[in-house]
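Analysis of the macromolecular model
So the chains spell out like this:
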Amino acid sequence: MKIDLEKSRPSNEFIHRLSDHKASLHNLRTNGLKRGEHTGFQNLYQKYSVKEGSMTFIIASPAVGKTAILYEILINLAQFSDWKIAIFSPEGGSPTDLYAEMLWAYLRKPFLKHEIQSIPNATEKEVNDAMAFLDKHFYIIDSGLKDLTAESFFRAIEDIEKEDDIKINGMVIDPIVELNFNPTNDRDDLALGSFLTKVRKFSSEKMIHTFIAIHTKAMTMLSKKRDDGTTMLYYPQPTFFDTMGGMMWSRKGYMVMSLWRPPIELINPDTEQPYEKNETIIEILKVKPKIMGETGRVSLFYDNISSRFYEKDGLGNKLFSRDILEHTRPKPKQEQIKFKNNVDTK
């Protein structure tokens, strides 16, 4: 009796063969790797882009503008790429508080009524249009006094998609310490690793980009002598080693960025000029896959009236994301992979 080896082969969903993926390989060969979505700034896009199915870890000390940077990226993704985004950020306040902050950023002027003559109030039409936009693109997940675990967070994402018949493109955990990722009280590093694996798999399966904000632990301050003989103390730009969980974030991360608000008395080595008082340094620590960007630093500057950031061109002109994206509207495109060595592949 002749045995059909193909039919008798045991079926194991964990085993993959090249023949199972020929179509996707031919598609990749033809269309190439594509950079992710533009987040609003040309200098930042050279080093960082956002891909569905991936993750971004954001390392920051308190009071450096982490949430403001995150809202900048999220609103740009919603406005210019039509992303739908779910946010878990109890540290930022109630859902009303979070929506009020996002309304200010979307309006680019204070949401609350005021009597400051030099700053125009938002009109009722502007506010209603902004509310309609945020209602369509942003969902807040808030568990109140109850613990939110990874499983309940994922279930909330799926419920949003089912109830509103939409596709969630991005989800936010800000910060990680507000989510109970260790309900069984396992060793912290093992629990964190297990949780990040779950996030990676959920993000990949659902084609959702996950943003996770990470607070730094206690850091060692650096010192610098001033010209008058006094000593200035300041915190350096944080790295993986300055987080609870340390290198687990590096091992599990795809896109990892560090935020830093430098003291104005320090000299920026990139410009050889003192840092500005509203300057935030974004350092990209890890990029995976490499077509999504490259490691390095960029500066963004905060405008407290509009609650938005801007970059500067070579002449020092302010460039807000709206001005950049409305005129360029760059689309992800196939790009040649940059090899470390100049190898002639012809």
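A brief look at the structure comes next. (Residues numbered from 1 in each chain as written. Predicted model: local features only at pLDDT ≥ 70, side-chain atom pairs only at ≥ 80, totals over all residues. Heavy atoms only, no water.)

A closer look at the overall build of the protein chain
When you go through the protein chain residue by residue, the secondary structure sums to 10 helices and 14 strands. The C-alpha radius of gyration of the protein chain comes to 23 Å, within 12% of the 20 Å expected for a compact globule of 346 residues. Across its three principal axes, the protein chain shows a C-alpha extent of roughly 95 × 50 × 50 Å. Here the contacts in the protein chain between residues at least 6 apart in sequence split such that 67% fall between residues at least 24 apart. Of the roughly 20,000 Å² of accessible surface on the protein chain, 52% is carried by carbon and sulfur atoms. (Helix = DSSP H or I, 4+ residues; strand = E, 2+ residues; numbered from the N terminus. Rg over C-alpha atoms; globule rule 2.2 N^0.38 Å. Contact = heavy atoms within 4.5 Å. Areas by Shrake-Rupley, 256 points an atom, 1.4 Å probe, with all protein chains shown as cover.)

Observations concerning the sheet that holds strand β2 (residues 85-88)
If you trace the 10 strands from one edge of the open sheet to the other, you get β3-β2-β4-β5-β1-β8-β11-β12-β13-β14, paired in mixed fashion. Bordering the open sheet on either side are β3 (138-140) and β14 (318-320), each of which pairs with just one other strand. Sheet twist, expressed as the mean angle between neighbouring strand axes with direction ignored, is 30°. Helix α5 (residues 95-107) contacts β2, β3 and β13 (308-312) of the sheet and is inclined by roughly 155° relative to β3. (Pairing = 2+ DSSP bridges. Axes fitted to C-alpha atoms, helices over the stretch in contact; angles between N-to-C directions.)

Concerning the packing of helix α7 (residues 150-164) against helix α8 (residues 188-206)
Relative orientation of the contacting elements α7 and α8 amounts to 15°, with a least axis distance of 11 Å. One way to sum up the angle between α7 and α8 is to call them roughly parallel. Considering how the two elements wind past one another, α7 and α8 form a crossing that is right-handed. In this structure, α7 uses Ala150, Glu151, Phe154, Ile157, Glu158 and Glu161 to contact α8, whose residues at the interface are Phe195, Lys198, Val199, Phe202 and Lys206. When its residues are assigned to classes, the contact of α7 with α8 shows six nonpolar, no polar and five charged. (Parallel < 35°, antiparallel > 145°, perpendicular 65-115°, else oblique. Left-handed = near helix turned anticlockwise from the far one by under 90°. Nonpolar A, V, L, I, M, F, W, Y, C, P; charged D, E, K, R; others polar.)

Overview of the pattern of salt bridges
Considering all chains together, one arrives at 13 salt bridges under this definition. Between Arg308 and Glu72 there is a salt bridge, with its nearest N and O atoms 2.9 Å apart. Separated by 236 residues along the polypeptide, Arg308 in strand β13 and Glu72 in helix α4 (residues 66-81) bring together distant segments of the chain. Like Glu72, Arg308 is buried. For Lys312, the salt bridge is made with Glu276, and the minimal N-O distance between the two is 2.5 Å. On the criterion of sequence distance, the pair formed by Lys312 in strand β13 and Glu276 in the loop between β10 (273-274) and β11 (279-286) is long-range, its members being 36 residues apart. What makes Lys312 partly exposed here is its relative accessible area of 27%. Looking at Glu276, the relative accessible area reads 32%, which means it is partly exposed. (Salt bridge = Lys/Arg side-chain N within 4 Å of Asp/Glu carboxyl O. Buried < 20%, exposed > 50% of the residue type's maximum accessible area, 1.4 Å probe, protein only.)

Quick notes on the packing of aromatic side chains
Applying the stated criterion across every chain yields a total of 10 aromatic pairs. For the ring pair Tyr106 and Phe133, a centre distance of 4.5 Å and an interplane angle of 15° mean the geometry is stacked. With a gap of 27 residues between them, Tyr106 in helix α5 and Phe133 in helix α6 (residues 124-137) connect regions that are remote in the sequence. The class of Phe133 is buried, set by a relative accessible area of 13%. Linked through ring pairs, Phe88, Phe153, Phe154 and Phe202 together constitute an aromatic cluster. Of note, Lys288 hangs over the ring of Tyr254, and the distance from its end group to the ring centre comes to 5.1 Å. Above the ring of Phe301, the side-chain terminus of Lys312 is found at 4.7 Å from the ring centroid. (Phe/Tyr/Trp six-rings, centres within 6.5 Å; stacked < 30°, edge-to-face > 60°. Lys NZ or Arg CZ within 6 Å of the ring centre and 35° of its normal.)

Quick notes on the pairing of β2
The alternating pattern of β2 places Ile85 and Ile87 on one face and Ala86 and Phe88 on the opposite face, and all of these are buried. Taken together, the four bridges between β2 and strand β4 (residues 170-173) define a ladder with parallel strand orientation. Paired with Phe88 across the bridge in β4 is Ile173.

A short note on a negative patch on the surface
Side chains of Asp135, Asp159, Glu163, Asp164 and Asp165 sit close together on the surface and give a patch of like negative charge. When residues of the negative patch are assigned to their parent elements, the largest contribution, three residues, is made by α7. By the element assignment, Asp135 lies in helix α6. For Asp135, a relative accessible area of 59% translates into the label exposed. (Patch = residues over 30% accessible without salt bridge, like charges linked within 9 Å, V, L, I, M, F, W, Y side chains within 5 Å. Lys, Arg positive; Asp, Glu negative; His and termini not counted. Charge placed at Lys NZ, Arg CZ, Asp CG, Glu CD.)

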